[in-house]
Amino acid sequence: MRPLEAPTIHLADYKQPAFWVDHVDLAFKLDPKATRVSSKIKFRGNTDRTDGPHDLRLDGRNLKLVSASIDGRNLNKDEVLQDAEGLTIPADLVPQSGFLWQAEVEINPAGNTALEGLYMSNGMYCTQCEAQGFRKITYYPDRPDVMATFDVTITGDTPVLLSNGNKLEHGVWHDPWPKPAYLFALVAGDLVSYDDTFTTRSGRHVDLQIFVRNGDQDKCAYAMDALKRSMTWDEQVYGREYDLDLFMIVAVDDFNMGAMENKGLNVFNSKYVLASPETATDRDYESIEGIIAHEYFHNWTGNRITCRDWFQLCLKEGLTVFRDQQFSGDMRSHSVTRINEVLQLRARQFREDAGPLAHPVRPEKYIEINNFYTATVYEKGAELIGMLKLLVGDNGYDQALDLYFDRHDGQACTIEDWITVFEDACKRDLSQFKLWYAQAGTPRVKVTESFDNGDYTLTFAQSNAPTPQQDNKQPQVIPIRVGFLDAQGNEPVAEQVFELTKTAQSFTTSGFDAKPMPSILRGFSAPVILDHAQSNDTLGFLLAHDPDPFNKWEAGRTLATDLLTRMVLNGAKPDPAFLSAMHKIATDDSLAPAYRALLLALPSEDALAQSVLDKGQTPDPDKIYAARQSLSLAIAQNIGRDLGDLYHAMAVQGAYAPTATDAGKRSLRAAALGLLTKLEPDASTAKAQFKAADNMTEQLSALAILIHAGQGTAATSAFYGQWKDDRLVIDKWFAIQAGSAAPDAALAIATALSSHADFDWKNPNRFRSLIGPFAMNPAAFHAPDGKGYAFIADWLIKLDPLNPQTTARMCGLFESWRRYDANRQALQKTQLERIANMPNLSKDSAEIIGKILG
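Notes on the structure follow. Just so it is clear, the model here is predicted, and its values are computed rather than measured.

## Brief notes about the overall build of the protein chain
Consideration 1: Each helix and strand in the protein chain was counted, giving 26 helices and 31 strands.
Consideration 2: Taken over C-alpha atoms, the radius of gyration comes to 28 Å for the protein chain, in line with the 29 Å a tight globule of 854 residues would show.
Consideration 3: Considering only C-alpha atoms, the protein chain reaches an extent of 85 × 65 × 60 Å along its principal axes.
Consideration 4: Looking at the protein chain residue by residue over its 854 residues, the buried ones come to 59%.
Consideration 5: Surface accessibility of the protein chain: about 32800 Å² in total, with carbon and sulfur atoms responsible for 49%.
Consideration 6: Where the 85 positive side-chain charges of the protein chain centre and where its 111 negative ones centre are 3 Å apart.

## Looking at the packing of aromatic side chains
Consideration 1: Under the definition given, this model contains 47 aromatic pairs.
Consideration 2: Consider the rings of tryptophan 233 and tyrosine 238, whose centres lie 5.7 Å apart with planes at 50°: the pair is tilted. Note on accessibility: tryptophan 233 and tyrosine 238 belong to one class, buried.
Consideration 3: Lying across the ring of tryptophan 300, arginine 240 places its NZ or CZ 4.7 Å from the centre.
Consideration 4: Here the guanidinium or amino end of arginine 323 rests over the ring plane of tyrosine 238, the centre of that ring lying 4.6 Å away.

## Focus on the side chain of arginine 669
Consideration 1: Turning to its location among the elements, arginine 669 is positioned in helix H15 (residues 660-677).
Consideration 2: Of the residues examined, arginine 669 reaches a relative accessible area of 11% and is grouped as buried.
Consideration 3: Polar contacts involving the side chain of arginine 669 include one to the main-chain carbonyl oxygen of tyrosine 647, which spans 3.0 Å.
Consideration 4: A distance of 3.0 Å separates polar atoms of two side chains, one belonging to arginine 669 and the other to glutamate 698.
Consideration 5: Those residues within four positions of arginine 669 in sequence are excluded, and the remaining contacts are Tyr647, Met650, Ala651, Gln689 and Glu698.

## Side note on the sheet that holds strand E8 (residues 86-89)
Consideration 1: Reading across from one edge, E4-E8-E7 is the order of the 3 strands in this open sheet, with antiparallel pairing throughout. Looking at which strands have only one partner, the edges of the open sheet turn out to be strand E4 (56-59) and strand E7 (81-83). Within the sheet, the average angular offset between the axes of one strand and its neighbour, ignoring direction, is 15°.
Consideration 2: Where E4 and E8 come together, 4 bridges link them in antiparallel fashion.

## Considerations on the nonpolar core
As a rule of thumb, soluble globular proteins bury nonpolar side chains together.
Consideration 1: Counting residues in hydrophobic clusters, the biggest one holds 270 residues, and the most contacted among them are Trp101, Trp418, Phe433 and Phe460.
Consideration 2: Examining the composition of this core, we find that 14 residues originate from one element, helix H5 (residues 375-408), more than from any other.

## Here we look at unusual backbone geometry
Consideration 1: Residue proline 53 is reached from glycine 52 by a cis peptide bond, and omega for that bond is 0°.
Consideration 2: With respect to the helices, strands and loops of the structure, proline 53 is situated in the loop between strand E3 (35-45) and E4.
Consideration 3: Cis rather than trans, the peptide bond between glutamate 130 and alanine 131 has omega equal to 5°.
Consideration 4: Secondary-structure assignment places alanine 131 in the loop between strand E11 (124-128) and strand E12 (148-155).
Consideration 5: One non-glycine residue with positive phi stands out, namely aspartate 71, at about 50°.
Consideration 6: Exposure remark for aspartate 71: the relative accessible area of 47% places this residue in the partly exposed category.
Consideration 7: Here the phi dihedral of phenylalanine 524 falls at roughly 50°; this positive angle occurs in a residue that is not glycine.

## Looking at the pairing of strand E10 (residues 117-121)
Consideration 1: Among the 5 residues of E10, 5 are classified as buried, and the element is accordingly described as predominantly covered.
Consideration 2: Across 5 bridges, the pairing between E10 and E11 is antiparallel. When the sheet's bridge partners are listed, leucine 118 is paired in E11 with threonine 127.
Consideration 3: Linking E10 to E11, which pair antiparallel, is a turn of 2 residues; within it asparagine 122 sits at a positive phi near 50°.

## Some points on the sheet that holds strand E25 (residues 444-452)
Either a parallel or an antiparallel arrangement is found when strands of a sheet pair, and the pairing is made through backbone hydrogen bonds.
Consideration 1: Taking strand neighbours across the sheet as the criterion, the 4 strands line up as E29-E26-E25-E31 in an open arrangement whose pairing is mixed. The two strands at the open ends of the sheet, each matched to only one other strand, are strand E29 (504-510) and strand E31 (529-531). Adjacent strand axes in the sheet meet at a mean angle of 25°, parallel and antiparallel pairs treated alike.
Consideration 2: Strand direction decides the pairing type here: strand E26 (residues 455-463) and E29, joined by 7 bridges, are antiparallel. Following the sheet pairing, threonine 457 is matched in E29 by threonine 508.

## Observations concerning the packing of helix H9 (residues 549-570) against helix H12 (residues 605-614)
Consideration 1: Taken N-terminus to C-terminus, the directions of H9 and H12 make an angle of 70°; their axes are 10 Å apart at the nearest point. Between H9 and H12, the interaxial angle falls into the category roughly perpendicular. In this structure, H9 contributes Thr561, Leu564, Thr565, Val568 and Leu569 to the contact, and H12 contributes Leu608, Ser611 and Val612.
Consideration 2: For the contact of H9 with H12, the per-class residue count stands at 5 nonpolar, 3 polar and no charged.

How each quantity is defined
Residues numbered from 1 in each chain as written. Predicted model: local features only at pLDDT ≥ 70, side-chain atom pairs only at ≥ 80, totals over all residues. Heavy atoms only, no water. Helix = DSSP H or I, 4+ residues; strand = E, 2+ residues; numbered from the N terminus. Rg over C-alpha atoms; globule rule 2.2 N^0.38 Å. Buried < 20%, exposed > 50% of the residue type's maximum accessible area, 1.4 Å probe, protein only. Areas by Shrake-Rupley, 256 points an atom, 1.4 Å probe, with all protein chains shown as cover. Lys, Arg positive; Asp, Glu negative; His and termini not counted. Charge placed at Lys NZ, Arg CZ, Asp CG, Glu CD. Phe/Tyr/Trp six-rings, centres within 6.5 Å; stacked < 30°, edge-to-face > 60°. Lys NZ or Arg CZ within 6 Å of the ring centre and 35° of its normal. Polar contact = N/O pair within 3.5 Å; in protein donor to acceptor, adjacent residues only side chain to side chain. Contact = heavy atoms within 4.5 Å. Pairing = 2+ DSSP bridges. Axes fitted to C-alpha atoms, helices over the stretch in contact; angles between N-to-C directions. Core = buried A, V, L, I, M, F, W, Y, C linked by side-chain atoms within 4.5 Å. Parallel < 35°, antiparallel > 145°, perpendicular 65-115°, else oblique. Nonpolar A, V, L, I, M, F, W, Y, C, P; charged D, E, K, R; others polar.

Take a look at the structure:
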């Protein structure tokens, strides 16, 4: 066997495969340590490849080849050239027009700790094949442009044997829709199903099943309801019906991702399926709803139409994220949903764009494709779809999507195919817009304004700082939604959408009696950083009067960020005008509770670190933490007794329901409780809520507040005693302690938890529940003695040999190391170099660490 190499894969090097696959027949004989997989694969020569004759190259990892044949002729050992990444059959042994490949391999699911391919999860057989897991099951051209129909037979001693498509009999499955290998799925285990049905608008009867471990059936109702609402929504909004007789979801405890859209057999991380009022928070319910929708929507945007190669990952993910965002807005609140989307985008994707891991929405090269399941591909990819919709209008978008489904159903496509559909449907040149897919970085738009004799002019100048391997950027198409307010907060002129296409460009709007107040980038119409000098009076006016919910919130957020930044850098005191505005918001019953909670929330410590950096200064995590605490206390003191009234007014009467309305009240109540606790030395209200809570949302919010206040010892112990047998709730127990603890206590708490008997670090959920929240506690992670960095690095070094994918993603916790002071930089670099110098470091982690170190 040749040693494993990690070549760089380039988009420019794409070639169609030498052979297509028409049909795949798989037979599994399940055994935990010695599963046998027999394959019959019907290959067809690719007549577009005229550079033959061609070898047969099949991908394969960690496979024991038992036998192989072509058209019934057994291949000798010296005719099969094996290496660590697959095998090659020389061209003179391969019929170039087509042939039947048959092989038998043996694999070890129980030994597969990477959780890719076929592996075991607490006695259950499970697969994860995206992006390149199928090559750990059998030899195959494991690439998304090779699409084939599948027949699967499974034999084993478990009562449930599942695969893609329609069930013919026990353990026998037929999927009539051609799919790439990454959409293959198999699940086998001692499971029970939660059943329902759905009738499509054309009358097709579809059986729905959610498979879980016995005892979890009573936690499936909300996931099933979300699935049925998703199916209805996709019919009504996109005209897409489900296309099989059966749709299945399986909840799995050991899973690297959130969920996987395998055709007809979605495999989910159990945390995104199982929910009850006692064990799941409002946020859990919202996540279940959104992720169920996302994976179901992939049936058309990902499965029926897939990506030609992994560089086109944003084609399926960006579009499907946009669709699930639309769905979530329709199910809940568009304004609240949009604000949360932008908070996530700025926290994850803007940070990614500003650091060493920056890459275009469609990358041009990679070493390990698993490292490109990123916020840039997903969240920024979705923003591009939203901009397209704004540019071409709702009708143009609908026409383009209909053409996309009609033209490309059953195909593996590219971004060029996607853009061409819009150009053809909308009769518009989008060649400049396509730069959004090619250029990394977050554009910065500087705004200046002038007014003369009723004419109001806005001038926008765009720039995009250099990113790794992209020093010079071209101007992009940036749609900017702008509203105009008069002194009374009315809009004398209709909202405009300006298309910024040049480095600098001016837009004039006429018909004003006086200079208007601009409301720029409404709805966050483009993923850019807006550089607009505005006084506190102007921002306060927008906070009070802007009818656009996003920009109203944005004005408050800008005021808070500016104040906190001045507190950090200059020792400024809390501004009475800001405190008064927060008091008014807290008591303004005309605002929806969920929206009010967002308005009251302060910018994160990470966002403030970036704000300090933007001022040309070095962030000090301790000063940032102290400033946020000081301003929170000032807000609480200013609101005073009204906090207690607000807290009690937001109590939800009656049985728990995960509705948007009730969840909004609980969110505002938690915000009020957090502030109220700052005025109560004994945290009596939080303690009372923890003791009386009949739902996880209120119990967990009270516990977080108590822990942060240093009053959580008894509640933490009681919580564990109550929930120690519920694996998902105990994940929360780990996370809430590491993430909510005061910085001077967090490392000791996290270290103790890492030695706890329930810290199963090989389980991705459990590992992430401790390591991630600790690192997201910035003043603790960035403690000047460097012990927080060493704690994280120790655990990444331990995990990498077993689960490279999860390790590599967690390595990104160090991506912003260069923005801190020299001492912290040196301490982080030491830990990064420790990881980089590990013997046999995975290519997953090596790629990420290499980019971070530069």
